[in-house]
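Coordinate analysis (summary)
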Amino acid sequence: MLQRLVGSFCRIPGVISSTLLDANGLYLVGVVSSNEIAPSLDGVKDTMGRAQMIASEHDLGRFDQLWFENNQSNTLLSHISSGYSLIIKCDSTPNLGLLRHEIERAKPVFAQLI
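The numbers attached to residues start from 1 for each chain and follow its sequence in the written order. Side-chain atom pairs in this predicted model are given and counted only at pLDDT of 80 or more, local residue features only at pLDDT of at least 70, and totals for whole chains, interfaces and linings cover all residues. As a convention, hydrogens and water are excluded, and side-chain values are obtained from all of the structure's heavy atoms.

1. So, the confidence of the model for the chain
Per residue, pLDDT measures the predictor's confidence, with a range of 0 to 100. The share of residues in the chain with pLDDT of 70 or more is 89%, and the mean pLDDT across the chain is 83. Across the chain, the element-wise mean pLDDT spans from 76 in helix H2 (residues 44–57) up to 91 in strand E1 (residues 15–21). Numbering of helices and strands runs from the N terminus; a helix is a DSSP stretch of H or I covering at least four residues, while a strand is a stretch of E covering at least two.

Rendered as structure tokens:
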């Protein structure tokens with residue numbers, strides 16, 4: 001069930017891969033669209049920890065998502081539940097609103113499964 005939930009993000013136009021990491025930053029489940037290479041997950045836990053620290057230090061509220069953009073692709077890091085993180089790699093023109101909506105819609109299901 002968890003594999004299908006993570007894989008459901010690959011049905012969104014522009015999504016190349018989706019990966020779920022546990023609270024320690026270790027790989028749990030990942031799905032990659034055909035003919036694509038999975039993204040490197042090195043440093044994800046540290047990056048998300050630093051983003052939360054910056055948000056806290058500057059009274060920006062709760063850290064929820066972090067986007068990295070370049071000319072060839074975009075990567076989204078999102079807190080899901082209990083320290084688990086979802087990483088979604090997209091092409092250069094993702095529908096950010098749809099992705100955010102689908103992640104928020106899936107969070108209660110992730111909470112039940114993890």
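2. Structural notes on helix H3 (residues 96–113)
Spacing of three or four residues puts side chains on the same side of an α-helix, whose turn is 3.6 residues. The terminal C-alpha atoms of H3, which comprises 18 residues, lie 25 Å apart, in line with the 26 Å expected from a rise of 1.5 Å per residue. Fitting one axis to the seven residues ending at a residue and another to the seven starting there, the bend at that residue is the angle between the two axes. At Lys107, H3 shows its maximal kink, close to 40 degrees; a proline, Pro108, follows between one and four residues later. Accessibility here uses a 1.4 Å probe with only protein chains present; expressed as a share of the type maximum, an area under 20% marks a residue as buried, one over 50% as exposed, and anything in between as partly exposed. Buried within H3 are the following residues: Leu99, Glu102, Ile103, Ala106, Lys107 and Phe110. Contacts are assigned to residue pairs with any non-hydrogen atoms lying within 4.5 Å of each other. Close packing links the buried residues of H3 with helix H1 (2–7), E1, strand E3 (65–69), strand E4 (74–79) and strand E5 (85–90). Helix span is expected to be 1.5 Å times the residue number reduced by one.

3. Some remarks on the nonpolar core
By convention a nonpolar core is built from buried Ala, Val, Leu, Ile, Met, Phe, Trp, Tyr and Cys residues, the set being connected through side-chain atoms within 4.5 Å. Phe9, Val15, Leu20, Leu86, Ile88, Ile103 and Phe110 are the most contacted members of the largest nonpolar core, which totals 19 residues. Within the residue set of this core, elements represented by two or more residues are H1, E1, E5 and H3. It is H3 that contributes the most residues to this core, four residues altogether. Setting aside residues no more than four positions away along its own chain, Ile103 makes contact with Phe9, Gln65, Leu76, Ser78, Ile80, Leu86 and Ile88.

4. Some points on the packing of aromatic side chains
We describe a pair of aromatic rings using the distance from one ring centre to the other and the angle between the two ring planes. In this scheme Phe, Tyr and Trp rings, the latter by its six-membered ring, pair at centre separations within 6.5 Å, and the angle between planes marks the pair as stacked below 30 degrees, edge-to-face above 60, and tilted otherwise. Scanning the entire structure with this criterion turns up one aromatic pair. Ring geometry for Phe9 against Phe110: centres 6.4 Å apart, planes inclined by 5 degrees, an arrangement best described as stacked. Of this pair, Phe9 sits in the loop between H1 and E1 while Phe110 sits in helix H3, and the two are 101 residues apart along the sequence. Each member of the pair, Phe9 as well as Phe110, carries the same accessibility label: buried.

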